[in-house]
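One-letter residues, chain by chain:
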Amino acid sequence: MTIKATPQKAPRKTPNKSARKTPANKPARGWLGRLWSLGWKLGIILFAAISLYGIYLDQVIARKFEGQKWHLPAQVFSRSMALYPGAAISHPQLMAELKLLGYRKVANPRQVGEFSASSTRIELWRRPFRHPEGNQAEQRVMISFDGQGVSSVERVEDKRQLAVFHLEPVLLDRIVTGDGEDRLFVPAADIPKPIIAALLLVEDRSFYQHHGVNPLAIIRAAFVNLSAGRTVQGGSTLTQQLAKNFFLSSERSLVRKLREAVMALIIDFRYSKDEILEAYLNEVYMGQDKSREVHGMGLASQFYFGRPLGELTLPQQAFLVAAIKGPSYYNPWRYPERSQERRDLVLRLLMEAGELNVAQYKAAVESPLGLRNASKPVHQKIPAFYALVKQELAERYGDSLLKQSGIKVYTTLDPMAQEAAEQAVSQSFKRFDKNNAKLQVGMVVTDKYTGGIAAMVGDKVPGFDGFNRALEIRRPIGSLIKPFVYASALAQGDKYNLATPLADQPITLTNEQGKTWSPLNVDKTFSGEVPLLTAFKKSMNVPTVNLGVAIGIDTVIQTLDKAGWSESVPSYPSILLGAVNGSPLMVAQVYQTLADHGRYRKLSSVTSVLDSDNQQLPVARPAQDQAIDPGTDYLVQYGMQQVVQSGTGARLGRAFPGVALAGKTGTSNDSRDSWFAGFDERNVAAIWVGLDDNGKTNLYGSSGAMAVYQAFLNNRPPIGLRMTPEDNVVQGYFDVDTGEAKQADCRRVVALPALRQSYRPAANCGEPLPWWKKILGGH
């Protein structure tokens, strides 16, 4: 049987879609997909990182702008000169003060900061300023003078007589922190408009149009720099410069420039253009004042011109803008021509922009720079006084006060008195050093009326910041203690007066250990008996000791303590001749009491402190008390005047004839220490001259310390004492031999002031004075 094969159909193949793809397409599609996947993921991460970084920068910027932008140095001011009828301020003194404050003398004051002067009057247009008691507005006044000082202060606008008128205090210094940046903050509203106009023309013309970064300016600067082959033009906006100054370094790198740009965008977004301008104008670097960096227009105005920003002329304002490009390169003292050319360029830009007309431009470019005298320091270098200020601030306000930003410290320093004291020391020591180059000095000057420290010198090189002899020495004060011996006796008016005879005979005192002390007069002679006033003015030792022993050593110590002596005094007879260690400041304190009608007021160097919001910090006021009866004090002052007129200080009296001065010389054993303390109507001074090693100086009080005081008065002409008798003081007449109170028409009497309650003249005096002597006024 034959079997037939049946043909089979080939199985139908199912289409495979994946098989349609070519092997070449498969890897290409996978690479792009992975790249896309990675790209958008990295983009999200990068966006998040940039956002986070932007948030971080935003927070950094906000903390700076909305918090404390700068640590503003503590400002230290002098006293504010008070002018009122009767003020002991002379015409030349006020003229010198105005010059120091940078006022301009003109024929007729037409704006703030100007004054005119005749021989007896000064017309002044005072600046507005911050006084510890509140803001003082600008004011125009006429100040008149007579032989005693100020006679009247009249407001020009309405002829109204003012009870008191204050000048602004002198800014002595700013206590700069460790970063070395110094600035005076000026609000945007107080910055002159020409400065802003010039700044925008020179640095950033599209400031109000861009958003912190100006791409066109960057591209333009890049082309200019490429063409020149070096960097000749910058493309940074003011906002970028501010970002760099506030937050970044001066490093030249792309990363820093990108960060600067981002920060500028954030700053421009968050803050107004005016806020940015204010920050820039107070931050910009304007020069170098030795170790201090001068920042901001406010301080630059004082640094270059010695005047407030608002009083600068247009050319001076233009110079400040010109100097921004390179304060060192355009240093006007070193490169005056280069600086003036740059200033004139700024003025030309102002003219081209229509801010000046041609006539104004020509007048401006022909004007000199008008710089301050570079030989005079911007900061008052007064280390001795600053040491006292810092000590007092720590005691009264706490150690951390000076670390606070923006505080204002108002002190008692009188800049003119300080200058006179420094000159006196320098002039005197040119002569002293010829004989002894190691001599040193300590000097304190107080204001008689306020009880404040007016001047202080702690070294014969006044600017030397080292051992402060005005505060720190403790040396025997010698005869400077004698007025307190006599004050103790004269307080007992029923026993002692200025004519009372004192024993001038040898005396020997023995202490508990059996040691003896026999004081001698300087000339080692004895007179038997001398009037109290003679012993006082001649500074006789033996009569003083006899008097002190009679009234009691403890009584003298008590008088000295009440007058303000700050350290304990041993109850030894030798203290009656000044075996008491003290400093010039301690001596100034007790002599201030004598000068102030016997009223004790603790001397101070600080009057007020304002915080950064100009609020006065609360503090207890220095103590005061009536230490010596005013009548008794008047008698002591009378005796001290006689010291200058005909006693141990007669050389001083001859130097200033007709001027009532009070003083007392002092010399310690073996002429080791030379002292002088004295006062006129305005100031009290205490001066020590000696050697740090306690060696012999061969100087007396009259030849050493008094010579410094005389030089001080040569530099600061004195105002004579106004010796108005107290209510309990009368004109007395005393027998020249016995010191007994007599009638005015008696023979051999001397006219001397006396305490009213104890002056009881005898009803008659025996044989009266002949009539012809009465007519001639003789006794």
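Look a little higher up for the structure.
Residue positions are given per chain, counted from 1 along the sequence in the order it is written. For a predicted model such as this one, the threshold for reporting local features is a pLDDT of at least 70, and the threshold for listing and counting side-chain atom pairs is 80 or more; totals across whole chains, interfaces and linings nevertheless cover every residue. Side-chain measures here rest on the full set of heavy atoms in the structure, leaving out hydrogens and waters.

Student: Kindly report on the overall build of the protein, identifying the contributing residues and their values.
Tutor: Counting from the N terminus, the helices are the DSSP runs of H or I reaching at least four residues and the strands are the DSSP runs of E reaching at least two. Summing up its helical and strand segments, the protein has 24 helices and 31 strands in all. Our radius of gyration looks at C-alpha atoms and nothing else; its globule reference is 2.2 Å times the residue count to the power 0.38. Whereas a compact globule of 779 residues would reach a radius of gyration of roughly 28 Å, the protein reaches 40 Å, over 25% beyond that. Counting only C-alpha atoms and orienting by the principal axes, one finds that the protein spans roughly 200 × 80 × 50 Å. The classification of residues rests on relative accessible area computed with a 1.4 Å probe and restricted to protein chains. Under 20% of the type maximum is buried, over 50% is exposed, and intermediate values are partly exposed. Expressed as a percentage of its 779 residues, the buried residues of the protein come to 51%. Put simply, of all contacts in the protein between residues at least 6 apart along the chain, 67% involve residues at least 24 apart. Accessible area of the protein: about 38,300 Å², with a carbon and sulfur share of 53%. Lys and Arg are tallied as positive, Asp and Glu as negative. Neither His nor the chain termini are counted. By convention, the charge on Lys lies at NZ, on Arg at CZ, on Asp at CG and on Glu at CD. Looking at the protein, you have 92 positive and 73 negative side-chain charges, and the mean spots of the two groups are 13 Å apart. The contact rule is simple, with two residues in contact once any of their heavy atoms fall within 4.5 Å. For every accessible area listed, the method is Shrake-Rupley and the probe measures 1.4 Å; residues are considered covered only by the protein chains on display.

Student: Tell me about the packing of aromatic side chains, residues and numbers included.
Tutor: Describing an aromatic ring pair means giving the distance of the ring centres and the angle of the ring planes. Aromatic pairs are defined between Phe, Tyr and Trp rings, using the six-membered ring for Trp, whenever the two ring centres lie within 6.5 Å; interplanar angles under 30 degrees are classed as stacked, those over 60 as edge-to-face, and all others as tilted. The final tally for this structure, using the stated rule, is 16 aromatic pairs. With a centroid separation of 4.7 Å and an interplanar angle of 10°, the aromatic rings of Tyr 486 and Phe 536 are classed as stacked. In this pair, Tyr 486 is assigned in helix α16 (residues 482-490) and Phe 536 in helix α17 (residues 532-537), connecting sequence segments 50 residues apart. The exposure class assigned to Phe 536 is buried, which follows from its relative accessible area of 0%. Here the aromatic rings of Tyr 709 and Phe 712 are separated by 6.3 Å at their centres, their planes lie at 25°, and the arrangement is stacked. Placement of the pair is Tyr 709 and Phe 712 together in helix α23 (residues 705-715), with a separation of three residues, close to one helical turn. This pair shows no difference in class: Tyr 709 is buried, exactly as Phe 712 is. Taken together, the ring pairs connect Phe 303, Tyr 304, Phe 305, Phe 319 and Trp 333 into an aromatic cluster. Directly above the ring of Tyr 103 sits Arg 127, whose terminal nitrogen or CZ lies 4.2 Å from the centroid. A ring has a charge above it when a Lys NZ or an Arg CZ is no more than 6 Å from the ring centre and no more than 35 degrees off the ring normal. Cation over ring: Arg 338 sits above Tyr 329, and NZ or CZ is 3.9 Å from the ring centre.

Student: Hey, could you go over a nonpolar patch on the surface for me, with residue numbers and the actual values?
Tutor: Residues Trp 31, Leu 32 and Leu 35 make up a contiguous nonpolar surface patch of roughly 350 Å² in combined accessible area. Along the chain, Leu 32 turns up in helix α2 (residues 25-66). In this structure Leu 32 comes out as exposed when scored by relative accessible area, which is 52%. Patches in this entry comprise residues that are over 30% relatively accessible and not in a salt bridge; like charges within 9 Å are linked, as are nonpolar side chains (Val, Leu, Ile, Met, Phe, Trp, Tyr) within 5 Å. Basic side-chain nitrogens of Lys or Arg form a salt bridge, by our definition, when they fall within 4 Å of a carboxyl oxygen of Asp or Glu.

Student: Quick one: what's the story with the sheet that holds strand β8 (residues 139-146), residue by residue and with numbers?
Tutor: Paired strands, in this sense, are two strands between which DSSP finds at least two bridges. Taken together, the five strands give an open sheet; going across it, the order is β3-β4-β5-β8-β9, and neighbouring strands pair in mixed fashion. Taken across any chain shown, the strands that pair with only one partner, and hence form the sheet edges, are β3 (104-105) and β9 (149-155). Across the sheet, helix α3 (residues 91-100) touches β3, β4 (114-117), β5 (121-126) and β8, and the angle it forms with β5 is around 25°. For helices, the fitted line uses only the C-alpha atoms of the stretch in contact; every axis is such a line through C-alpha atoms, and the angle between N-to-C directions lies from 0 to 180 degrees.

Student: Can you lay out the environment of Asp 344 for me, pointing to particular residues and giving the numbers?
Tutor: On the secondary structure map, Asp 344 appears in helix α11 (residues 336-352). A sequence separation of 22 residues divides Asp 344 from Glu 366, and the C-alpha atoms of the two residues are 9.1 Å apart.

Student: Give me the sheet that holds strand β17 (residues 453-457): which residues, what numbers.
Tutor: The strand order across the open sheet formed by five strands is β17-β16-β29-β28-β27, and the pairing between neighbours is antiparallel. Lying at the two open borders of the sheet, with one neighbouring strand each, are β17 and β27 (662-667). Across the sheet, the mean angle separating the axes of adjacent strands is 10° when strand polarity is ignored. Bridging between strand β16 (residues 440-447) and β17 involves four bridges; their strand directions are antiparallel. By the bridge assignment, Thr 446 is partnered in β17 with Ile 453. Relative to β17, helix α14 (residues 415-432) is tilted by about 30°, and along the sheet it contacts β16, β17 and β29 (683-690). On top of the sheet, helix α21 (residues 630-646) reaches β27 and β28 (673-679); it is set at about 70° to β27, its chief contact.

Student: Go over the pairing of β29, please, and point to the residues and values.
Tutor: Of all eight residues in β29, eight are buried, a share of seventy percent or more. Burial along β29 is two-sided: Asn 683, Ala 685, Ile 687 and Val 689 facing one way and Val 684, Ala 686, Trp 688 and Gly 690 facing the other are all buried. Pairing geometry for β16 and β29, over eight bridges, is antiparallel. Bridging from a neighbouring strand, Val 445 pairs with Ala 685 of β29. What sits between β28 and β29 in their antiparallel hairpin is a turn of three residues.

Student: So what's going on with the nonpolar core? Which residues, and what values?
Tutor: For the purposes of this section, nonpolar cores are sets of buried Ala, Val, Leu, Ile, Met, Phe, Trp, Tyr and Cys residues that join through side-chain atoms within 4.5 Å. Counting 112 residues, the largest nonpolar core has Leu 83, Leu 94 and Tyr 591 as its most contacted members. Dropping the residues within four chain positions of it, Leu 94 is found in contact with Met 81, Leu 83, Ile 89, Ile 122, Ile 143, Phe 145 and Leu 167. Grouped together as the second largest cluster of nonpolar side chains are 56 residues, Ala 243, Ile 276, Leu 356 and Leu 369 included.

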